[in-house]
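# Reading the structure
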Amino acid sequence: MSFAKRLDQIIKRIEKARLSYNRHHIVQLIAVSKYATSQQVRALYTCGQRAFGENKVQDLQSKSSALESLPLEWHMLGSLQHNKINKLLALKPFLFHALDSLQLAQAIEARSTDTLNALLQVNISKEHTKSGVIPEQALEIYTRINQTCPHIRLKGMMVIGPTPPATPSFSHAQALERAFAQAKDIFDTLPNASILSMGMSADFECAIAYGANMVRIGQALFAN
Ligand SMILES: *Cc1c(COP(=O)(O)O)cnc(C)c1O
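Residues numbered from 1 in each chain as written. Predicted model: local features only at pLDDT ≥ 70, side-chain atom pairs only at ≥ 80, totals over all residues. Heavy atoms only, no water.

### Topic: the overall build of the chain
Where we set the bar: Only runs of H or I of at least four residues qualify as helices and only runs of E of at least two qualify as strands under DSSP, and these elements are numbered from the N terminus. As defined in this context, the radius of gyration uses C-alpha atoms, and a globule is described by 2.2 Å times the residue total to the power 0.38. Burial status follows relative accessibility: with a 1.4 Å probe on protein chains alone, a residue under 20% of its type maximum counts as buried, one over 50% as exposed, and anything between as partly exposed. In what follows, a contact means two residues having at least one pair of non-hydrogen atoms within 4.5 Å. Method for areas: the Shrake-Rupley scheme with a 1.4 Å probe, in which residue coverage is limited to the protein chains shown. Under the convention used here, Asp and Glu are negative, Lys and Arg are positive, and both His and the chain ends fall outside the count. Here the site of a charge means atom NZ of a Lys, CZ of an Arg, CG of an Asp or CD of a Glu.
Across its full length, the chain holds 9 helices and 8 strands. Taking 224 residues into account, the globule formula puts the C-alpha radius of gyration at 17 Å, and the chain, at 17 Å, falls close to it. Along the first, second and third principal axes, the C-alpha set of the chain runs to 45 × 45 × 35 Å. Counting over 224 residues, the chain shows a buried share of 50%. Summarising the internal contacts of the chain: among those between residues at least 6 apart in sequence, 55% fall at separations of at least 24. For the chain, the accessible surface area stands at approximately 11200 Å², while carbon and sulfur atoms represent 51% of it. The average position of the 24 basic charges and that of the 17 acidic charges among the side chains of the chain differ by 5 Å.

### Topic: the nonpolar core
Under the convention used in this document: Buried Ala, Val, Leu, Ile, Met, Phe, Trp, Tyr and Cys residues that are joined via side-chain atoms within 4.5 Å together make up what is termed a nonpolar core.
Phe96, Leu99, Ile108, Ile145, Ile152 and Met157 are the most contacted members of the largest nonpolar core, which totals 73 residues. Excluding anything up to four places from it in sequence, Leu99 contacts Leu104, Ala105, Ile108, Ala118, Leu119, Leu120, Gln121, Ile145, Ile152 and Leu154.

### Structural notes on the pairing of strand β3 (residues 73–76)
Rule in force here: A right-handed crossover is one whose linking path, passing over the helix from the first strand to the second, runs clockwise when the strands point away from the viewer. Criterion used throughout: strands pair if DSSP finds at least two bridges between them.
Every second residue of β3 is oriented toward a common face, with Glu73 and His75 on one face and Trp74 and Met76 on the other, all of them buried. At this point the chain moves from strand β2 (residues 51–54), through helix α3 (residues 57–66), to the parallel β3, and the crossover so formed is right-handed. In this sheet, strand β4 (residues 95–99) lies alongside β3 in parallel orientation, the contact comprising 2 bridges. By the bridge assignment, Met76 is partnered in β4 with Phe96. Regarding topology, helix α4 (residues 85–91) serves as the crossover connection from β3 to the parallel β4, and that connection is right-handed.

### A few points about helix α5 (residues 102–111)
Every buried residue belonging to α5 is among Leu102, Leu104, Ala105, Ala107, Ile108 and Glu109, and all of these are buried. Residues of α5 that are buried in the fold lie against α4, β4, β5 (116–121), α6 (138–148) and β6 (152–159).

### A few points about the site of the ligand
So the rule is basically this: Only a single heavy atom is needed: when it lies within 4 Å of a molecule or strand, its residue is near that molecule or strand. Two N or O atoms count as a polar contact when they lie within 3.5 Å, although within protein this holds only if one can serve as hydrogen donor and the other as acceptor, and sequence-adjacent residues are included solely when both atoms are side-chain atoms.
By nearness alone, every residue bordering the ligand is listed as Val32, Lys34, Tyr35, Asn55, Leu77, Ile160, Met200, Ser201, Arg216, Ile217, Gly218 and Gln219. Between the ligand and the protein, one listed contact pairs an oxygen atom with a side-chain N or O atom of Ser201 at 2.5 Å. The contact in question runs from a nitrogen atom of the ligand to an N or O atom on the side chain of Arg216, over 2.9 Å. Notes on the ligand: free accessible area 390 Å², of which the protein chains cover 91%.

### Focus on the side chain of Asp100
So the rule is basically this: We define a salt bridge as a side-chain nitrogen of Lys or Arg found within 4 Å of a carboxyl oxygen belonging to Asp or Glu.
Inspection of the secondary structure assignment puts Asp100 in the loop between β4 and α5. Buried charge without a salt bridge: Asp100, with Arg216 as the nearest opposite-charge side chain at an N-O distance of 13 Å.

### Examining the pattern of salt bridges
Counted under the stated rule, the structure contains 8 salt bridges. Of the charged contacts in the structure, one is a salt bridge between Lys12 and Asp8, with a shortest N-O distance of 3.1 Å. Remark: Asp8 and Lys12 occur in helix α1 (residues 3–21); sequence separation between them is 4 residues, near one turn of the helix. Classification of Lys12 as exposed rests on a relative accessible area of 56%. A residue is classified by how much of its surface remains accessible, and Asp8, at 39% relative accessible area, is partly exposed.

Here is the structure:
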């Protein structure tokens, strides 16, 4: 299938999900290019896509520099090690989705001269393999970052849905809904939060049904 066709199908699905949530609700699509080459990113850009996301600083650096001439909006989605902070800041990402602790925020603050737009990552399903602050502390940490890190501009939150079992199951569908509903409730308590980054290839329609307004889609756009 061509990129144009895949993108078109995803956009149609997003459109349908957003209209059934609320016709005034706008959802932004981030094309996650971690499985893609720079040429494939360029091909998707030609179809009209502008926002792309990577989960490693190194990949963000190489793709954004290879495609420097295009007006792309780059999102950093993955966990950030402290020794990569300077490198990320130098790339001036449009939005960093994985601010996952107060310690990381303060380490970024100490190295910042410009402002960094960021989302607080919340570990909504409390899975040990996932990063993020625990849901019970989200508001407190969000507030602390706002108070102590003037170079970080918090725009909202990011969550990753619970990992699906190998075979589809009803209880997973319920777990997803519960997680996304809880994420929306927390999001609504955060002061001045406007972005709820929630939903990937396997679960974005459910995420939109619970109020996601930014979805991060990789496989459904780029996998063979
Ligand atoms: C890879 C990744 C995605 C995209 O996942 P797909 O299943 O490929 O759509 C979204 N968010 C994060 C943080 C990722 O690492």
